[in-house]
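# Fold and geometry: a report
Residue strings, one per chain:
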Protein chains: 2
Amino acid sequence: MFPKVHAGMEMDMERNGDRTKTMGNCEKRIPIFAQKMKTYPGLLCKTIWKVGHDDPRRVIHAFKVGLSLTLVSLLYLMEPLFKGIGQNAIWAVMTVVVVLEFTAGATLCKGLNRGFGTLLAGSLAFVFEYIATETGPVFRAIFIGAAVFLIGSAATYLRFFPYIKKNYDYGVVIFLLTFNLITVSSYRVDNVLKIAHDRFFTIAIGCGVCLLMSLLIFPNWSGEELHNSTVLKLEGLAKSIEACVNEYFVDPSIEETEKQSSEDPIYEGYKAVLDSKSKDEALALYASWEPRHSRYCHRFPWQRYVKLGGVLRHFGYKVVALHGCLRTEIPTPQSVRTLFKDPCNRLAREISKVLMELANSLRSHRHCSPEILSDHLHEALQDLNNAIKSQPRLFLGSNKNQATNMLALAAAQASQKHEKAPGVSLSSVKTDSSALREWKSRRTTDSKEAERKVLRPQLSKIAITSLEFSEALPFAAFASLLVEMVAKLDNIIEEVEELGRAACYKEYHPCDEVVVTCDRKKINVSQGHVHTDGAD
Amino acid sequence: MFPKVHAGMEMDMERNGDRTKTMGNCEKRIPIFAQKMKTYPGLLCKTIWKVGHDDPRRVIHAFKVGLSLTLVSLLYLMEPLFKGIGQNAIWAVMTVVVVLEFTAGATLCKGLNRGFGTLLAGSLAFVFEYIATETGPVFRAIFIGAAVFLIGSAATYLRFFPYIKKNYDYGVVIFLLTFNLITVSSYRVDNVLKIAHDRFFTIAIGCGVCLLMSLLIFPNWSGEELHNSTVLKLEGLAKSIEACVNEYFVDPSIEETEKQSSEDPIYEGYKAVLDSKSKDEALALYASWEPRHSRYCHRFPWQRYVKLGGVLRHFGYKVVALHGCLRTEIPTPQSVRTLFKDPCNRLAREISKVLMELANSLRSHRHCSPEILSDHLHEALQDLNNAIKSQPRLFLGSNKNQATNMLALAAAQASQKHEKAPGVSLSSVKTDSSALREWKSRRTTDSKEAERKVLRPQLSKIAITSLEFSEALPFAAFASLLVEMVAKLDNIIEEVEELGRAACYKEYHPCDEVVVTCDRKKINVSQGHVHTDGAD
């Protein structure tokens, strides 16, 4: 296997899929392989640079691991240190490899789990050793075998408990490892207490080096990372909504492209929010192990971040639904879109302004402005409502001709108002009844596999377009979703406020306003670096 | 810390939150702790039983681990075996603890990563040893220190590459571990080749036992698990849609409850779909390591499952949006709901019938019926369209009185048709303009923190209800989402068909229909066991 290096898991999957297909025809593989070999060094260099450029803390972390390993190796390499510790120094090296993680919280979590697991296992093994101490070798072997079986089964079963799995999984593994190591060794080694003591001592040295490195030298805090990712999620949602509404009213030709392009700025904005659950929970778990590392009064309110993440995810689902309105099967005529362009755009702008204000207040660790739900938002809602009410006949779907006439009238009005709007075509209202009829007649003949493949993918779409649904239906959905979003803003504001109270954020002062605007500019420039340096 | 044991991560989080709060007031803690101690044994027993009952394979796995550990311990305990292998037998025990995972794929992935990592590290360490062999002790110590630093940094940096992180993370850790172990040991031990050889040999024995256990004795296949979870996701979505539409039309009093109850059958149905990304990808990764284990022709098409999972997730977002329509801020009058109850219910039933048929076809490893997008679905769409068109004035929002009259008329018609429908109250159309006015007047006075807390959460809701939005707007969104879902069914069917082709599913035969109905019955009974036994 040839290690291909590129970012993005989904791309990866697809390429793997391609590779599987190419496996079949061997004669094609050799030139493909040769070509890969040619492009490989360039690609590798690019990836190496990209990984470091995306987050420079990775380079620092790599050097930290190298340094820690060299430090604990000195225990073995330097004569005076080796005399004190001996052969077991190797356990310290192993501990550093396994325990030193990217963030301080993860290192603490693993280090403490490893420490307590070892301590507990050592104590238990000592008890077992004490019980079996006066018996013959055969009984002792059987006793050790039974103990290994029982403790092994019990510990493995324990790992299935959700609470244990979440918090102490690694500790249980280390417990099992150490227990077996000591119990089994005790059969042939006399001084089992010394094994346990040495192992614990060297592991403690290893953990100490790891904690020193991760807490004191360029520490990366999980809490900071969780905080930053929350800010970025809020900003992403704000951008998504604005981009989504813009696209709905600007580009009429995009409707037919079905697939989710990963270049899409709308998708980019909400993508991080949708699949954030596992990442958020892991970061929150590690953050819960971290000591207080900021100048603020309380401990880090990681549960609040998880809750806010959940609320944002549910808001994100609404953005996805809004995005879905762009790719609907019932075409909304350009004329309808032109009519409602301004109020919708305005409302979207107001919603994203609120989200941006929340992001800024989180970023600068202060409460958000009490004016956050401004009159502008209310006026924007009013505007949209007026616009909908001013076109009462728009939502009529029963009489097609009448509706079309109304639309033509509305379109004429609209194009008078907006001179720059492109020529409104009413032909976008498609009637595919003929296609449906064709499909039905073809379906009555015997349907074979090949035919089915061609026909199937369009069936339900044909059914929908052939029905001449009220053209206002998708627009109503779009408007309704926008209005719903305004309602959901409350939940987000409430959660952010709760978070601010729990984390003792500073009060909002109107004079901060100027600072905020400057802040926003800076943020947009440094967007490329997803994570800022964690040192608070 | 007191290990509390309960299922469900979110509940867990909340309880942790509670615990943090209780930490503050110490005097309350002692009685709480005492009470916990009383309920603890019962709770523990219940959890132990529940973990095993939810998935009996867990019990089997626990015994498998115990048995494997006892087996490898024999290498150390039995005299003849110990003579051959010696002290290093302990590495085999460690390998079993670390490598033996729940599914065969995960064990294979870890085992092979461990094997190859050790082999590669051993070779590299041997090269370094060869270079430094003829030098003095000081230079040698410096050389070893530098090598440890360089390889440590490089390997850690390598772990940040997305491709490596996804596939070979554990292998790189083991490589680093072994490399350091051998290189550092080589400073004081002469025969480094023997260390490397012994370590590799014992690790190979450990891996062998693990593979034997996980592949041959009650194997749990990741592929099977991925397959079953996909079937369950399809069924969950089907149930969610039906429950959602039922709730929309049945219960008018539920509207005001805002929070997401975890007992909710709708939420239960789509919950598993929404956050499935990381779980799916992990299962697919492990499945990609698994050998062919079914009687079907190809290797397991894990990429197809991941793609289908993505499509289902996007379908799930639509279901969430539909669920959101139940809790909208713009109240839909009961009369409107009654009018469209039957066509919407019928359409939802047809959609979930399609999803159920897809689930059944996946479950029984066959292609789905070519009639899957039946005439019924089309008729249901037609019905809904007719119902919407038959109430043209419903979507009028400009003239309130007129609209209300129309609604009264429509309601009267509806209650004639549906005798059993509850008395339709038109008072549900609330106009909260007075509340808004009050809010505005209060806002002009100085707003203090305490007041803000009380006022804020309702602001945007008041703004929305005060605007008297067209009552049909949320219903239009609801109907539009239902219609959109029908369109998205195509994508799901297409993906399931692709999956069926890739996995060489058997052709659909009309005579299977009877079997399918029986199957469905059986499935519903055994729903409690989320995972079926993996042996295919």
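Computed from a predicted model, the values in this text were never measured in an experiment.

Within chain A, the regular secondary structure consists of 22 helices and zero strands. Buried residues in chain A amount to 54% of all 536 residues. A total of about 23800 Å² of accessible surface is found on chain A, and carbon and sulfur atoms cover 62% of it.

Attention shifts here to unusual backbone geometry. At His365(A), a residue that is not glycine, the phi angle is positive and equals roughly 50°. With respect to the secondary-structure elements, His365(A) resides in the loop between helix H15 (334-363) and helix H16 (375-389). One non-glycine residue with positive phi stands out, namely Phe218(B), at about 40°. Here Phe218(B) lies in the loop between helix H9 (192-216) and helix H10 (222-250). On the basis of relative accessibility, which here comes to 54%, the residue Phe218(B) falls in the exposed class.

With that settled, consider the pattern of salt bridges. All names here are of chain A. Summed over all chains, the structure comprises 35 salt bridges over all chains. For Glu495, the salt bridge identified is with Arg304, shortest N-O distance 3.6 Å. You can see Glu495 sitting in helix H21 (residues 472-502) and its partner Arg304 sitting in helix H14 (residues 302-326), a full 191 residues away along the chain. Assessed through its relative accessible area of 11%, Glu495 is described here as buried. Between Glu357 and Arg366 there is a salt bridge; the shortest N-O distance is 3.5 Å. Across the pair, Arg366 and Glu357 agree in class, each one buried.

Considering soluble globular proteins, one finds that nonpolar side chains tend to be buried as a cluster. Among the nonpolar cores identified, the biggest contains 141 residues, and Ile351(A), Phe478(A), Ile351(B) and Phe478(B) are the most heavily contacted of them. For Phe478(A), the residues in contact, after removing those within four places along its chain, are Val245(A), Tyr248(A), Phe249(A), Leu322(A), Cys325(A), Leu326(A) and Cys344(A). Leu177(A), Ala147(B), Ile164(B) and Leu177(B) belong to the second largest nonpolar core, which has 106 residues in total.

Taking 1.5 Å per residue as the helical rise, helix H9 (residues 169-185) of chain A with its 17 residues ought to reach 24 Å, and the 24 Å between its terminal C-alpha atoms agrees with that figure. Counting buried residues along H9(A), 17 of its 17 residues qualify, which places the element largely inside the surrounding structure.

Attention now moves to the environment of Asp490(B). Mapped onto the elements, Asp490(B) comes out in helix H21 (residues 472-502). With 221 residues separating them along the chain, Asp490(B) and Gly269(B) place their C-alpha atoms 21 Å apart.

Interfaces are often described in size by the accessible area the parts lose on coming together. Residues and elements named next belong to chain A. According to the domain assignment, chain A contains domain 1 (2-48), domain 2 (58-216) and domain 3 (222-383 + 489-534). The interface of domain 2 with domain 3 comprises 12 residues on the first partner and seven residues on the second. In total, about 820 Å² of surface goes out of reach between domain 2 and domain 3, with carbon and sulfur atoms giving 74% of it. Remark: the boundary between domain 2 and domain 3 carries zero salt bridges. Counting the contacts that link domain 2 with domain 3 gives two residue pairs in polar contact (both at pLDDT 80 or more). Elements represented by at least two residues in the side of domain 2 that touches domain 3 include exactly helix H6 (104-131) and helix H8 (162-167). The biggest single contributor to the side of domain 2 that touches domain 3 is H6, with seven residues.

Scoring rules and cut-offs
Residues numbered from 1 in each chain as written. Chains lettered and ligands numbered in written order. Predicted model: local features only at pLDDT ≥ 70, side-chain atom pairs only at ≥ 80, totals over all residues. Heavy atoms only, no water. Helix = DSSP H or I, 4+ residues; strand = E, 2+ residues; numbered from the N terminus. Buried < 20%, exposed > 50% of the residue type's maximum accessible area, 1.4 Å probe, protein only. Areas by Shrake-Rupley, 256 points an atom, 1.4 Å probe, with all protein chains shown as cover. Salt bridge = Lys/Arg side-chain N within 4 Å of Asp/Glu carboxyl O. Core = buried A, V, L, I, M, F, W, Y, C linked by side-chain atoms within 4.5 Å. Contact = heavy atoms within 4.5 Å. Expected span 1.5 Å × (residues − 1). Domains from an automatic or database assignment. Buried area = accessible area lost by both parts, 1.4 Å probe. Polar contact = N/O pair within 3.5 Å; in protein donor to acceptor, adjacent residues only side chain to side chain.

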